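Examining the three-dimensional arrangement
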Amino acid sequence: RAADEALRNNPVIGYSDEMPFARDSTSYRPCKSGECPIGNLFTDAARWYTNADVAFITSGGVRGPGWAAGDVHVSDLYEALPFTNNLCTGRMNGVHLFQLLNYSMSVATFEGEDTDDGGRLLQSSGLRVTYNTELNPSNIISIEVMDKESGQFKPIDRLQIYEFATDSYLCDGYTPFPSLLGSDNLVVEGEQPGTIIEGVLFQEMAADFLNATTSIDAPYNTATQNRLVNDTTATEVLNLIQSEDSCAPGEYWESDIQTCMHCPVNFDVTFSKKLIEFEATDQERVESITLTNNEEFYVAIIPKKLPDWLVLDSVESVYAGSDIPTILGAGESLQFSMSIISSELEEGTVYVTIAFGVLDGGDYHGCVGSDAGFDITMRVLPTEQLNQLGSIRAAGFTLFGIIAITSISFAVFVICHRQQQVVKALQPIFLLCICGGVLVLGSSIIPLSLDDEIISQRGCDISCMALPWLICLGFSVAISALFAKLWRINKLFSASRSCRRVQVRVQDVAMPLVVLLVANITILICWTLIDPLVYKRFEMMPWSTYGRCVGSSNVSNISLIIVGVLNGVVLFLALVQAWKARNISDEFSETKIVGSALYGWLQLLIVGVPVLFLISDDNTTARYFVLVALIFLVSMSMLLIIFVPLFIQIRRAQVKQKVQVVSHQMDSQSQQIGSRSSAPPRKVFQISGIRDKKDFNSAPKVPYPFWDMPQGSGGQGQETQESSANGAADAAAALPV
């Protein structure tokens, strides 16, 4: 009835180019095979009328034979769309627009046949859809939407809200479009289900559109606009539909817009400290740190892998442990305590980051934000190396024991044999001074062997200052005795050559000893009072130190130089005296013995002292070994060089004394033999040290040897003397060594 009335009142409502037919007599439906101009006209009119972003209608609703170019009558519009479909408008986001178009394109036949599915192809305005009919089931390649401001097509934005215009048949009749455009589907914030506007027919909107936008000179363009483009070369289809399960790592599901959203870069979940430093010695130390959620929503936290040497505990029961996420509400805090197990670590410095993963965050469910963490530096120093003497000090004590036993034994030997001619010739007082000086010098090994491993700091300081005292005093006593001995000999023999009588008093000989001792003691007292040596430790590396005796100023160095020069000068003077006495021939070669001892000292000092300067201060073991060896060799060389020859000479004197006793006995026996008329059998005496006649003849003569007795008269006396002499020689030959 409306169409008939329109035909009777068939006014011209606009102008257009020639409009192709929408259905011919053979039921061919070109709009079902793709884009068609009559569909463009009605969707353009709807979009223009509502100012929507997009407009669409089904291909099955458009019919008619089309019209010629020129005037467009109302009847033409009703023939093209013979249904009284009202306007339907709403809003949807890009996802639901894609969902609508994807359904339409996937079921459309694109064949132009009059089929029900063919009519589900949507004719549109404000859209440009590219598809590939060779792809199934989804075949949309791209969707572009006209931007109203720029007038340019832009790719569809899945979250953008688009206003749409369609007919009431899609909103309320043509299954399944009503569900796609209804309230069950368009639930995202900003969307609005399709709403039918009663009394606004599509034909009336088209008439108004043509009347307002066309003229005889500017008719409606009926050419296709590439709104539906079949690209059979494209292979990658478009898919804007997402689900919670499809969210990639770093995305969370936003149910309000049914979209996977990118997780925030950071959550404001922080620790109260950024760095905690531990030392290996902090075994008993417990450090506290607080984790605070500064967001306005809850977060779920879980610690990542913790190092084995760190013990992390929460002081609150809310902490679920290392394997279960702990929920931390908005503004809540969680306090932790931590301690270390340094035995699990090797030497060195460890730098680690203790991190808590933020797994959930209120509206960002499933997001893993930036880790909330703090750094720990754990420094495990190597076992502290004090470079102490350790067991090597036992060798030093042993060497001192040898020196002490040897010097004391020789001193006792001198006292016991002080009446011997040999000991008297070498003066017992000088020998005892040498023994005492060497004993004091050797005792310097004791403070040298002490360090803070076995004694206190105060004890170490005392040992440091005792060392120069013992060395200087022991050296000065021994060298003074040797110097005085050589000076006395040189003075006496020099006077004998000039036939002068010289008296060498005891005070003259003792003067060098007293002067040198007083000088050394004075310097040492000043040294001790002004700048005493103290035991200090010096760092080689953070975990390695060594101990050394040092003074607080240069006074110690100056004092050391002074006593060294002083005793060195005395040694030099003693060497000069030994050189002067080198050709003096005395009964016991004492000058040569003393000179050998002095030159032995000189050689040891020339070799040993430079070695000490070559050894670094931090090599405590090597310095100790060289110093102890030098003191031991100097001490023992002095004792052995002087006392071993003395011991040998005393033994020789004892042998001579025995020979004299035997000779006297033989003399008495010879007298008895001479008084008899007939010689009795010879009696053999065994004398120690005489092996044959040659030894006997070379033995010292007693005052009255029996072979020098006066001879009696007559042949008997001569025979008796001869036989007695021969008998004594034979007896001497029979004596054992």
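What comes next concerns the included structure. (Residues numbered from 1 in each chain as written. Predicted model: local features only at pLDDT ≥ 70, side-chain atom pairs only at ≥ 80, totals over all residues. Heavy atoms only, no water.)

With that out of the way, let us pick up the sheet that holds strand 8 (residues 153-155). Taken in spatial order, the four strands of this open sheet run 8-7-6-11, and their pairing is mixed. The sheet terminates laterally at strand 8 and strand 11 (228-230), the two strands that pair on one side only. Between one strand axis and the next, the sheet turns through 25° on average, direction left out of account. Note: strand 6 (residues 127-131) against strand 11, three bridges, orientation parallel. Bridging across to strand 11, Thr-130 finds its partner in Val-229. (Pairing = 2+ DSSP bridges. Helix = DSSP H or I, 4+ residues; strand = E, 2+ residues; numbered from the N terminus. Axes fitted to C-alpha atoms, helices over the stretch in contact; angles between N-to-C directions.)

With that settled, the discussion passes to the packing of aromatic side chains. The tally for this structure, following the rule as stated, stands at 11 aromatic pairs. Between Phe-110 and Tyr-131 the ring centres are 4.7 Å apart and the planes differ by 20°, which places this aromatic pair in the stacked class. Taken together, the positions of Phe-110 in the loop between helix 4 (94-107) and strand 5 (122-125) and Tyr-131 in strand 6 put the pair 21 residues apart, joining distant regions of the chain. For the pair Phe-110 and Tyr-131, one class covers both residues: buried. With centroids separated by 4.7 Å and ring planes inclined at 5°, the aromatic side chains of Phe-410 and Phe-643 adopt a geometry described as stacked. One end of the pair, Phe-410, is in helix 8 (residues 393-416); the other, Phe-643, is in helix 16 (residues 620-674), with 233 residues separating them in the sequence. Each member of the pair Phe-410 and Phe-643 is classed as buried. An aromatic cluster of at least three residues, connected via ring pairs, comprises Tyr-103, Tyr-169, Tyr-174 and Phe-177. (Phe/Tyr/Trp six-rings, centres within 6.5 Å; stacked < 30°, edge-to-face > 60°. Buried < 20%, exposed > 50% of the residue type's maximum accessible area, 1.4 Å probe, protein only.)

Buried residues dominate strand 9 (residues 161-167), accounting for five of its seven residues. Examined bridge by bridge, strand 4 (residues 86-93) and strand 9 share seven bridges and lie antiparallel to one another. Paired with Asn-93 across the two strands is Ile-161, which belongs to strand 9.

When you line up the elements, Asp-451 lands in the loop between helix 11 (445-448) and helix 12 (457-497). In terms of polar contacts, Asp-451 uses its side chain to reach the side chain of Arg-393, at 3.0 Å. If near-sequence neighbours (up to four positions away) are discounted, Asp-451 is found in contact with Gln-388, Leu-389, Arg-393, Cys-460 and Tyr-535. (Polar contact = N/O pair within 3.5 Å; in protein donor to acceptor, adjacent residues only side chain to side chain. Contact = heavy atoms within 4.5 Å.)

What follows is about the state of the cysteines. Under the defined criterion, the tally for this structure stands at four disulfides. A sulfur-sulfur separation of 2.0 Å characterises the disulfide bridge that pairs Cys-31 with Cys-36. Measuring handedness by torsion sign, the sulfur bridge of Cys-31 and Cys-36 sits at about 105° and is right-handed. Between the sulfur atoms of Cys-247 and its disulfide mate Cys-260 the distance is 2.0 Å. One quick way to see it: the torsion about the S-S bond of Cys-247 and Cys-260 is about -90°, and its sign makes the bridge left-handed. Of the two residues, Cys-247 is situated in the loop between strand 11 and strand 12 (251-254) and Cys-260 in strand 13 (residues 259-262); the sequence distance between them amounts to 13 residues. The pair Cys-247 / Cys-260 is uniform in exposure class, with both members buried. (Disulfide = S-S within 2.5 Å.)

The next thing to look at is the pattern of salt bridges. Per the stated rule, a full pass over the model turns up eight salt bridges. Salt-bridge contacts for Arg-227 lead to Asp-44; the nearest nitrogen and oxygen are separated by 2.9 Å. Separated by 183 residues along the polypeptide, Arg-227 in the loop between helix 7 (202-213) and strand 11 and Asp-44 in helix 2 (residues 37-50) bring together distant segments of the chain. Taking relative accessible area as the criterion, Asp-44 reaches 11% and is therefore assigned buried. By sharing partners, the salt bridges in this structure join Arg-393, Asp-451 and Glu-453 into a single network. (Salt bridge = Lys/Arg side-chain N within 4 Å of Asp/Glu carboxyl O.)

Together, Ile-561, Val-565, Val-569, Phe-572 and Leu-573 line one region of the surface with nonpolar side chains, adding up to about 480 Å² of accessible area. As for its position among the elements, Val-569 is in helix 14 (residues 555-580). (Patch = residues over 30% accessible without salt bridge, like charges linked within 9 Å, V, L, I, M, F, W, Y side chains within 5 Å. Areas by Shrake-Rupley, 256 points an atom, 1.4 Å probe, with all protein chains shown as cover.)

Moving on, we come to the packing of helix 2 against helix 7. Packing of helix 2 against helix 7 leaves a shortest axis separation of 8 Å and a crossing angle of 80°. What the angle tells us is that helix 2 and helix 7 run roughly perpendicular. Taking contact as the criterion, the partners of Leu-41, Phe-42, Asp-44, Ala-45, Ala-46, Trp-48 and Tyr-49 in helix 2 are, on helix 7, Phe-202, Gln-203, Met-205, Ala-206, Asp-208, Phe-209, Leu-210, Ala-212 and Thr-213. (Parallel < 35°, antiparallel > 145°, perpendicular 65-115°, else oblique.)

Next up on the list: the layout of surface pockets. Considered as a void within the structure, the largest pocket measures approximately 1,800 Å³ in volume. Those elements that place two or more of their residues in the lining of the largest pocket are helix 11, helix 12, strand 24 (544-550), helix 14, helix 15 (590-614) and helix 16. Here the residues of the lining of the largest pocket are counted per class, giving 30 nonpolar, 13 polar and four charged. (1 Å grid on protein atoms, 1.4 Å probe; cavity = no way out; pocket = protein on both sides within 12 Å on 5 of 7 lines; lining within 4 Å. Points joined across faces, edges and corners; volume = space filled by probe spheres on them. Nonpolar A, V, L, I, M, F, W, Y, C, P; charged D, E, K, R; others polar.)

Strand order in this open sheet of five strands is 5-2-9-4-10, and the pairing throughout is mixed. The strands lining the two open edges of the sheet, one partner per strand, are strand 5 and strand 10 (192-201). The sheet shows a mean angle of 25° between the axes of neighbouring strands, direction not considered. Across the face of the sheet, helix 4 comes into contact with strand 2 (54-58), strand 4, strand 5 and strand 9 while running at roughly 120° to strand 4. Its contacts with the sheet put helix 7 on strand 2, strand 4, strand 9 and strand 10, and the angle it makes with strand 10 is roughly 75°.

Attention now goes to the nonpolar core. Core analysis: the largest hydrophobic core is formed by 55 residues, its most contacted members being Ile-479, Leu-598, Ile-642, Phe-643 and Leu-646. Considering each element in turn, this core owes the most residues, 13 residues, to helix 16. Not counting the four nearest positions on each side in its chain, Phe-643 is found in contact with Phe-410, Val-414, Leu-431, Ile-434 and Cys-435. (Core = buried A, V, L, I, M, F, W, Y, C linked by side-chain atoms within 4.5 Å.)

With respect to the secondary-structure elements, Ser-150 resides in the loop between strand 7 (140-146) and strand 8. Here Asp-147 takes part through its side chain, which lies 2.7 Å from a polar atom of the side chain of Ser-150.

As for its placement among the helices and strands, Trp-601 is situated in helix 15. The exposure class of Trp-601 is buried, given its relative accessible area of 0%. When the C-alpha atoms of Trp-601 and Leu-571 are compared, they prove to be 9.0 Å apart, with 30 residues separating the residues in sequence. Not counting the four nearest positions on each side in its chain, Trp-601 is found in contact with Phe-475, Ala-478, Ile-479, Val-634, Ser-637 and Met-638.

This paragraph deals with the packing of helix 8 against helix 10 (residues 428-443). Two numbers describe how helix 8 lies on helix 10: the axes approach to 9 Å, and their chain directions differ by 165°. Regarding the angle of helix 8 to helix 10, the classification is roughly antiparallel. Here helix 8 runs over helix 10; the crossing is left-handed. Across from Phe-400, Ile-403, Ala-404, Ser-407, Ile-408, Phe-410, Ala-411, Val-414 and Ile-415 in helix 8, the residues of helix 10 making contact are Pro-428, Leu-431, Leu-432, Cys-435, Val-438, Leu-439, Gly-442 and Ser-443. Taken together, the residues of the contact of helix 8 with helix 10 break down into 14 nonpolar, three polar and no charged. (Left-handed = near helix turned anticlockwise from the far one by under 90°.)

Take unusual backbone geometry next. Across the junction of Asn-136 and Pro-137, the peptide omega takes the value -5°, indicating a cis bond. With respect to the helices and strands, Pro-137 occurs in the loop between strand 6 and strand 7. In this structure, Pro-176 follows Thr-175 across a cis peptide bond, with omega equal to 5°. Within the chain, Phe-110 stands out as a residue other than glycine whose phi angle is a positive 55°.

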